[in-house]
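# Structural description and commentary
Spelled out, the chains give:
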Amino acid sequence: MLNKRPDDMQRINTLELANAFIDEQVKEIRAQVKDKKVLLALSGGVDSSVVAALLIKAIGKQLVCVHVNHGLMRKGESEQVIEVFGKELGANLIYVDATDRFLDLLAGVKEPEKKRKIIGGEFIKVFDEEASKLEGISFLAQGTIYPDILESDGVKAHHNVGGLPEDMQFELVEPVRLLYKDEVRVVGDALGLPANMVYRQPFPGPGLGVRCLGAITRDRLHALREADAILREEFDLCGLAGKVWQYFIAVPDMKSVGVKDGKRYEGWPAIIRAVNTKDAMSATIEEIPYPILHKITDRITKEVEGINRVLLDLTPKPIGTIEWE
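These figures come from a predicted structure and were not determined experimentally.

How each quantity is defined
Residues numbered from 1 in each chain as written. Predicted model: local features only at pLDDT ≥ 70, side-chain atom pairs only at ≥ 80, totals over all residues. Heavy atoms only, no water. Helix = DSSP H or I, 4+ residues; strand = E, 2+ residues; numbered from the N terminus. Rg over C-alpha atoms; globule rule 2.2 N^0.38 Å. Buried < 20%, exposed > 50% of the residue type's maximum accessible area, 1.4 Å probe, protein only. Contact = heavy atoms within 4.5 Å. Areas by Shrake-Rupley, 256 points an atom, 1.4 Å probe, with all protein chains shown as cover. Lys, Arg positive; Asp, Glu negative; His and termini not counted. Charge placed at Lys NZ, Arg CZ, Asp CG, Glu CD. Core = buried A, V, L, I, M, F, W, Y, C linked by side-chain atoms within 4.5 Å. Pairing = 2+ DSSP bridges. Phe/Tyr/Trp six-rings, centres within 6.5 Å; stacked < 30°, edge-to-face > 60°. Axes fitted to C-alpha atoms, helices over the stretch in contact; angles between N-to-C directions. Parallel < 35°, antiparallel > 145°, perpendicular 65-115°, else oblique. Left-handed = near helix turned anticlockwise from the far one by under 90°. Nonpolar A, V, L, I, M, F, W, Y, C, P; charged D, E, K, R; others polar.

Let's shift gears to the overall build of the chain. Each helix and strand counted, the chain has 10 helices and 10 strands in total. Here the C-alpha radius of gyration of the chain, 20 Å, is about what a compact globule of 325 residues would show, namely 20 Å. For the chain, the spread of C-alpha atoms along the principal axes amounts to about 70 × 40 × 40 Å. Across the 325 residues in the chain, those meeting the buried criterion constitute 52%. In the chain, once contacts between residues fewer than 6 apart in sequence are set aside, the share between residues at least 24 apart is 77%. If you sum the accessible surface of the chain, you get close to 15,400 Å²; carbon and sulfur atoms cover 52% of it. Distance between charge centroids for the chain: 2 Å, based on 43 positive and 50 negative side chains.

Looking now at the nonpolar core. Ranked by internal contacts, the top residues of the largest apolar core, which has 47 residues, are Leu39, Val68, Phe235, Ile249 and Ile300. Of the residues forming this core, the biggest block, 7 residues, is contributed by helix 9 (residues 218-238). In this structure, leucine 39 is in contact with Val64, Val66, Phe127, Ala131, Leu134, Ile137, Phe139, Leu140, Ala141 and Phe170, ignoring residues within four places of it in sequence. Listed in part, the 37 residues of the second largest apolar core include Phe21, Leu55, Leu179 and Val187.

What follows is about unusual backbone geometry. Peptide bonds are, in most cases, trans, and in most cases residues other than glycine have a negative phi. Of note, the amide linkage connecting lysine 317 to proline 318 takes the cis form, showing an omega dihedral of -15°. Along the polypeptide, proline 318 turns up in the segment after strand 10 (307-312). Phi at lysine 34 takes a positive value of approximately 55°, unusual for a residue other than glycine. Along the polypeptide, lysine 34 turns up in the loop between helix 1 (15-33) and strand 1 (37-41). Residue aspartate 261 is not a glycine yet carries a positive backbone phi of 55°. Along the chain, aspartate 261 turns up in the loop between strand 7 (256-260) and strand 8 (263-276).

Before going further, it helps to spend a moment on the pairing of strand 7. Pairing of strand 7 with strand 8, which is carried by 5 bridges, proceeds in the antiparallel orientation. Note that in strand 8 the partner of serine 256 across the bridge is glycine 267. The turn linking strand 7 back onto strand 8 is made up of 2 residues, and aspartate 261 within it adopts a positive phi angle of 55°.

This part is about the packing of aromatic side chains. Tallied over the entire structure, the rule returns 3 aromatic pairs. When the ring of tyrosine 146 is compared with that of tyrosine 180, the centres are 5.6 Å apart and the planes differ by 85°; the resulting orientation is edge-to-face. Remark: tyrosine 180 occurs in the loop between strand 5 (171-173) and helix 7 (181-190) and tyrosine 146 occurs in helix 6 (residues 146-150); sequence separation between them is 34 residues. A relative accessible area of 7% means that tyrosine 146 is categorised as buried.

Another aspect to go through is the side chain of glutamine 25. Its place among the elements puts glutamine 25 in helix 1. Ignoring sequence-local partners within four residues, the contact set of glutamine 25 consists of Leu54 and Pro175.

A separate point is the packing of helix 2 (residues 46-59) against helix 7. Where helix 2 contacts helix 7, the axes come no closer than 10 Å and their chain directions differ by 40°. The angle between the axes of helix 2 and helix 7 places the two elements in the oblique class. Along this stretch, helix 2 crosses helix 7, giving a crossing that reads as left-handed. Counted together, Val46, Asp47 and Val50 of helix 2 and Lys181, Val184, Arg185, Val187 and Gly188 of helix 7 form the full contact between these two elements. Residue classes in the contact of helix 2 with helix 7 are distributed as 4 nonpolar, 1 polar and 3 charged.

Structure below.
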């Protein structure tokens, strides 16, 4: 299995190139898997969704998709995964609500790398448990893409690249491991996936766990989820959703004084981050018109319990990473 992109590999930027890639991967998947079953962690993000569609095309019901709700999903995401894959695409889908399990383990944990490792480690345990209930599972599919491999030297400790236990009983299937994010989207289009899934912004494996900064609490996590939903809704309404590669809210574990209903009270700040990039290796800041920022601020501070300030992150990558943690 190649872990380095060949120098002569053409960038997949047309439907023709995407279809050629799909045909090649379908053959490789069938040759690798044969009559065995494959277990896939289906987050509903672009990468895992494209891998799921590729595997469904190649091996159909031999693919078992497991969607784990770790309690760190964005608002409405688990419901969408069930709707699109369970109902529309007819995938062999298992849904696991492990919210309490993850949040209990994360209680009081402040260090970003420790949080990532807890979330990644628990994911592996959940899949191992699900696999043990099934017969004939020999492979684990992953939505690994090329930047994950390039950054797997410790920068992305949450990702499964380099983080799998040595006694892992599955052989890996990683059909998009040599592709950049923009190429994965073109392949998703060619596979006929819904546009709102193909062009959905990237979402880290630990989910809102790396955006609820510091030790995660359920009330602050809820505030983050609601504020993030407002940001996404307003970006959809003003047309920025199609222009900005990734945009989200981060909420730090700190409070400032504010005024509400004529009384002083303490609340968290919501930090807006909106960046553009082609390969996630570097990123520039998207300029958001002030009227839109004012509207987002007004909605978040009025509608979200516990948030009393809205801030804007203006830091490109480098020097700042895309995520805060």
